[in-house]
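So the chains spell out like this:
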Amino acid sequence: MKFTNAFILFLSYSSSVFGLPHTGGKSQKSQLTRRDNTTDPGSMLQLNSDENFHFQILGVLALAPYQGSDIGEVLVAADHIVPGDFESFSTAFNDLATRVHNQASAIDSTQYPVSARNALFREASYYRSADFFLHGNWNDSRINSLWTKQLTAFDAAIALLPEPAERVVLQAEGFEIPAIFFSSGAPGPRPTLLLMNGYDGSQEEMYHAIGEAALQRGINIITFEGPGQPTVRRQQNLGFIPEWEKVVTPVVDYAVSRCDVDPKKIGLWGQSFGGYLAPRAAAFEHRLAAVIAFDGLYSFADALFAQFGPELLSLYHTGNQTLFDTTVLSLLASPDVPTSARWAIEQGLWSFNTHSPFEWVRKLEAYTLDGVVENITTPVFVADAQSDMFFKGQARILADKLGDRATYHMFEDIDGAGEHCSLGAAVLSAQVVLDWFQDVVSA
């Protein structure tokens, strides 16, 4: 296969898989596109001409309702981000995190605990954002140094909650699970949600994404991470595993051991790629009263292969690992590769702990609910997003496979909830999903 042809095929593949319009082989390094609300009344204001950067900036803004960011300072940082430039993204958020760190350090947390907590939570969010696009170079020391800073800030913040959170380490089969218990402070054993992120997000982010909203409703939360997720990947050098029940079951064991948790009212929330991981775990862990797939994902493998061009798919299926790896890695080094594709593959290699694109794709083939979906017995809320840029159509497939076990809900563009995981509509999505969860566990 000639390099030029491979390059065109790769752009076709990556644009479709990662939510970008196919350009017919034309270079679109930064996806310089503008949304048009004259033809689409649900179109959202675009925060960066790079579609991928728009989404990530929106992700930081989306944490604002529950103490994870502040809108003005994020928009100031966003104005310093150069489309398609990973370093400018990291620098903008590192500079913001440093400024907020200095603000937090000047606050007397004994006298002003709420002010200190708010600043520390924001500091942690911005350090996480500064790290987001750095995983293409595993030797970059910032991958660990920024993470240490975000953990330090977040731990200082959760110590200042009205009910201070508890970090615990749970033993699993061959690895450890970092987890945090947050009490609602309400009396008696309480309904409890186990919260996990997905392909790239942390458990700390889940506090702002949905955790605080649950606590406001008297629901305890336990956040956690497994192999492939940020802290486990860094501290234990472990990539993702398909048998996610090996992660969830020890967390359920821990939950039911607590006297402040109602063992009959435990739910599991999976965010983004977690929308596959949660149903997978529920097929084997039957103590769960409810599962939320936010957004639903039936088969990562099918979603990926459906977007491969025929030549690239054929190249993979020849089993020629050397040629496949050489082709993809050469393209990743090109300045013309879309940022969304470059980030997604670099993150995939890092989170699955392999330097081989061929091995990464081969591992992804195991991430399907075929053969196990019928074992899910608990009610499942399957969220979908009208303009999902990653796994469009997958939530509907999951809901159809589950049948009457599923409650399917489409979040719409006109409500500002149509992005992947309804990013930017945290209050609305919390209202819809947490009301459903409370109804299920109260039945």
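Residues numbered from 1 in each chain as written. Predicted model: local features only at pLDDT ≥ 70, side-chain atom pairs only at ≥ 80, totals over all residues. Heavy atoms only, no water.

Focus: the pattern of salt bridges
Part 1 of the argument: For the coordinates displayed, the defined rule picks out 13 salt bridges.
Part 2 of the argument: Ionic pairing is found between Arg142 and Asp140, a salt bridge with its closest N-O pair at 2.7 Å.
Part 3 of the argument: Note on Arg142: relative accessible area 26%, which makes it partly exposed.
Part 4 of the argument: Linking Arg258 and Asp260 is a salt bridge whose minimum nitrogen-to-oxygen distance equals 3.0 Å. This pair shows no difference in class: Arg258 is buried, exactly as Asp260 is.
Part 5 of the argument: One continuous salt-bridge network, built from bridges that share partners, spans Glu87, Asp140 and Arg142. (Salt bridge = Lys/Arg side-chain N within 4 Å of Asp/Glu carboxyl O. Buried < 20%, exposed > 50% of the residue type's maximum accessible area, 1.4 Å probe, protein only.)

Some thoughts on helix α4 (residues 86–105)
Part 1 of the argument: Here α4 is 20 residues long and its end C-alpha atoms lie 28 Å apart, about the 28 Å a rise of 1.5 Å per residue gives.
Part 2 of the argument: Close packing links the buried residues of α4 with α2 (51–61), α3 (71–78), α5 (113–131), α6 (142–158) and α14 (339–351).
Part 3 of the argument: For α4, the capping residue at the N-terminal end is Asp85, with a side-chain oxygen 3.0 Å from the backbone nitrogen of Glu87. (Helix = DSSP H or I, 4+ residues; strand = E, 2+ residues; numbered from the N terminus. Expected span 1.5 Å × (residues − 1). Contact = heavy atoms within 4.5 Å. Polar contact = N/O pair within 3.5 Å; in protein donor to acceptor, adjacent residues only side chain to side chain.)

Section: unusual backbone geometry
Part 1 of the argument: In the segment running from Phe294 into Asp295, the intervening peptide bond is cis, with an omega of 5°.
Part 2 of the argument: Among the secondary structure elements, Asp295 is positioned in the loop between β6 (290–294) and α11 (300–305).
Part 3 of the argument: Backbone geometry places Ser272, a non-glycine residue, at a positive phi of 60°.
Part 4 of the argument: Even without being glycine, Asn353 reaches a positive phi, approximately 60°.
Part 5 of the argument: Positionally, Asn353 belongs in the loop between α14 and α15 (357–364).
Part 6 of the argument: Taking the relative accessible area as the measure of exposure, Asn353 reaches 24% and is therefore partly exposed.

Focus on the packing of helix α7 (residues 203–216) against helix α17 (residues 426–442)
Part 1 of the argument: One way to put it is that α7 packs onto α17 with a least axis distance of 10 Å and a crossing angle of 55°. Considering their axes alone, α7 and α17 lie oblique with respect to each other. In this structure, α7 meets α17 at a crossing whose hand is right-handed. Facing Ala209, Ile210, Ala213 and Ala214 of α7, the residues of α17 in contact are Ala426, Ala430 and Leu434.
Part 2 of the argument: In the contact of α7 with α17, the residues fall into seven nonpolar, no polar and no charged. (Axes fitted to C-alpha atoms, helices over the stretch in contact; angles between N-to-C directions. Parallel < 35°, antiparallel > 145°, perpendicular 65-115°, else oblique. Left-handed = near helix turned anticlockwise from the far one by under 90°. Nonpolar A, V, L, I, M, F, W, Y, C, P; charged D, E, K, R; others polar.)

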